[in-house]
Amino acid sequence: MGYSKFFNPEETLDRAGIEALQTERLRATVAHCMGSEFYRKRFREAGISAGDIRTLDDLQKIPFTTKQDLRDTYPFGIASIPLSECARLHSSSGTTGNPTVILHSKKDLEQWANAVARCLWMVGCRPDDVFQNSSGYGMFTGGLGFQYGAELLGMLTVPAGAGNTLRQIKFITDFGTTVLHAIPSYASRLYEVMCEKGIDPRRDTKLRILAIGAEPHSEDTRKRIEEMLGVKAYNSFGMSEMCGPGVAFECPEQNGMHIWEDYYIVEIIDPETLKPVPEGEVGELVLTTINREAMPLLRYRTRDLTRILPGECPCGRHHKRIDRIRGRSDDMIILKGVNIFPIQVEQVLMQYNELASDYLITLDTEEGNDSMTIEVELANSFIDDYSALQRLERNIVRMLRDEILVTPKVKFVPKGSLPQSEGKAVRVRDLRKKY
Ligand code: ADP
Ligand code: ZN
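Below is a short write-up of the structure. All of these numbers come straight from a predicted model, not from anything done at the bench.

1. Remarks on the sheet that holds strand β11 (residues 283–289)
Reading across the sheet, the four strands line up as β10-β11-β12-β14 and stay open at both edges, with antiparallel pairing between neighbours. Edge strands, defined here as strands with exactly one partner in the open sheet, are β10 (264–269) and β14 (327–328). Of the pairings in the sheet, the one linking β10 to β11 comprises six bridges and is antiparallel in character. Along β11, the bridge assignment pairs Ile269 with Glu284.

2. Some words on helix α1 (residues 15–33)
Between the first and last C-alpha of α1 there are 26 Å, a value that for 19 residues agrees with the 27 Å anticipated at 1.5 Å per step. Along α1, the residues classified as buried are Ile18, Leu21, Gln22, Thr23, Leu26, Thr29, Val30 and Cys33. The secondary structure elements touched by the buried residues of α1 are α2 (37–46), β10 and β11.

3. Focus: the layout of surface pockets
Reported here for the largest pocket is a volume of approximately 1700 Å³. Along the walls of the largest pocket sit 50 residues, with Ala214, Glu215, Arg328, Asp331 and Lys424 positioned nearest its centre. Of all elements in the fold, only α3 (67–72), α5 (141–153), β7 (232–237), β12 (300–306), β14 and α10 (342–349) reach the threshold of two or more residues within the lining of the largest pocket. Class assignment for the residues of the lining of the largest pocket results in 16 nonpolar, 20 polar and 14 charged. When residues are assigned to domains, the lining of the largest pocket turns out to be shared by domain 1 (1–331) and domain 2 (333–430), each giving three or more. Looking at the second largest pocket, its volume works out to about 450 Å³. Contributing to the lining of the second largest pocket are 24 residues, with Gln60, Val266, Glu267, Ile268 and Lys320 lying nearest its centre. Among the elements of the structure, α1 and β10 are those that each provide at least two residues to the lining of the second largest pocket.

4. Notes on the coordination of the zinc ion (ligand 2)
Summarising the metal site, the zinc ion (ligand 2) is bound by the protein donors Cys251 (SG), His258 (NE2), Cys313 (SG) and Cys315 (SG), whose distances to it range over 2.1 to 2.3 Å. What the four donor atoms of the zinc ion (ligand 2) show is an angle range of 102 to 116° at the metal, which sorts the shape as tetrahedral.

5. Quick word on the nonpolar core
Nonpolar side chains in soluble globular proteins tend to end up buried together. One finds Leu120, Phe237, Phe249 and Ile322 to be the most contacted residues of the largest nonpolar core, which totals 68 residues. For this core, the leading source of residues is helix α4 (residues 106–122), giving nine residues. Counting residues in hydrophobic clusters, the runner-up holds 26 residues, among them Ile340, Val348, Tyr352 and Leu363.

6. Observations concerning unusual backbone geometry
Following Tyr74, the chain continues into Pro75 via a peptide bond in cis, with omega recorded as 0°. Within the fold, Pro75 resides in the loop between α3 and β1 (86–91). The backbone of Ala214 sits at a positive phi, close to 75°, despite the residue not being glycine. Residue position: Ala214 is located in the loop between β6 (209–213) and α9 (219–229).

7. Examining the site of ligand 1
Asn235, Ser236, Ser240, Asp304 and Arg328 are the nearest of the 16 residues found near ligand 1. Between ligand 1 and Asn235 there is a distance of 2.8 Å, counted from a nitrogen atom to a side-chain nitrogen or oxygen. Coverage of ligand 1 by the protein chains reaches 88% of its 560 Å² of free accessible surface. More than half of the atoms of ligand 1 fall within 2 Å of the grid points belonging to the largest pocket.

How each quantity is defined
Residues numbered from 1 in each chain as written. Chains lettered and ligands numbered in written order. Predicted model: local features only at pLDDT ≥ 70, side-chain atom pairs only at ≥ 80, totals over all residues. Heavy atoms only, no water. Pairing = 2+ DSSP bridges. Helix = DSSP H or I, 4+ residues; strand = E, 2+ residues; numbered from the N terminus. Expected span 1.5 Å × (residues − 1). Buried < 20%, exposed > 50% of the residue type's maximum accessible area, 1.4 Å probe, protein only. Contact = heavy atoms within 4.5 Å. 1 Å grid on protein atoms, 1.4 Å probe; cavity = no way out; pocket = protein on both sides within 12 Å on 5 of 7 lines; lining within 4 Å. Points joined across faces, edges and corners; volume = space filled by probe spheres on them. Nonpolar A, V, L, I, M, F, W, Y, C, P; charged D, E, K, R; others polar. Domains from an automatic or database assignment. Donors = N, O, S within 2.8 Å, 3.2 Å for Na, K, Ca; no water. Tetrahedral: all angles 85-135°; square planar, octahedral: opposite > 155°, others 65-115°. Core = buried A, V, L, I, M, F, W, Y, C linked by side-chain atoms within 4.5 Å. Near = heavy atom within 4 Å. Polar contact = N/O pair within 3.5 Å; in protein donor to acceptor, adjacent residues only side chain to side chain. Areas by Shrake-Rupley, 256 points an atom, 1.4 Å probe, with all protein chains shown as cover. Sits in = over half its atoms within 2 Å of the grid points.

Pasting the structure below:
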């Protein structure tokens, strides 16, 4: 209807165009970083100067930046411009150690809103849509990040905020919400409460697009949510250190998330050797911001594990695609010497229609040995038949053992009985004795 498929011309750059722009922006960013005491010292220690960084390959000369650096320099230590030129800060929760702070200039905020608007436009959001955001506002970047992006795109926005599910549903029905942003665990919760209230999302709402992200989820979880709410759900990746949402987003192909390479330079490294992994292999995502002025981050180790999907995307964008995030390197469970990610468990569980979406993994010590118990909620439709339950349990345990190489205990619990968290779902409880 007269609209372009693309929000920004940068979206359709070819590889040569992307790399030329990256080279130019990398040089400018590195020069700009010399306004920061932190980077001046880093470069001095590494025996390099800003002028040594001329090509994309030169990036390898720059030391990594880590979450620990952000903590050590808390609150404003990495900033490359004076505080008087900054317009906002976001701070992480700081559940482990010092919180971290990211500063933004006015221009940074505009660029961030543009990235989010670009993502939403890409999946078909248009000014006549009604956009509802169920993220917490305030320090959590999913709130303001989506808010300004959706406003820039020109949608009518409903800044509902987190929680209060009944009110959330009332907004969806009363305001004719067509696009919703929710974390996957909350999307499932909304559906459950709608069912309890006799609301059929397909019949009684206008929902058509869902942006889901902020926590790892499997392809089956996405399909379930799409089915439940009658929407197309697009994976959204972001993190506070990289502004927030808008870093990478699925296109209509729903096959990997385009990471905006006019904003970020992407590397995937082996977290042990810190060397790049071969193209297409899983490793730690490392990002360099090349479109930010208050607090650029050079070679920031995100701790998120993913890979670059090989091949071209039919959508016409040449920005690389990252695969679903497997989890953070610090989410990894080491049980009996085996490395396990919660998402591997989820991938198995979500294949069973007999199960609902909520599960909790508990690690404990029994007679000196590590044990894993998975509590998972049964779907309402499941008929309570003891031998059927036993068969189901045996099947699930077998599939899990094949996937994670240890044998967990599986316990079925009634729907709604696992603890609900306000924000991201808590999937692992570690009660093991630490020696
Ligand atoms: P916090 O550190 O408090 O969780 P953030 O909101 O910055 O704060 O969280 C960013 C992290 O959330 C990412 O590093 C990643 O681990 C996770 N994340 C974000 N988006 C996704 C996604 N689409 N899929 C999986 N994990 C995601
Ligand atoms: Zn695409």
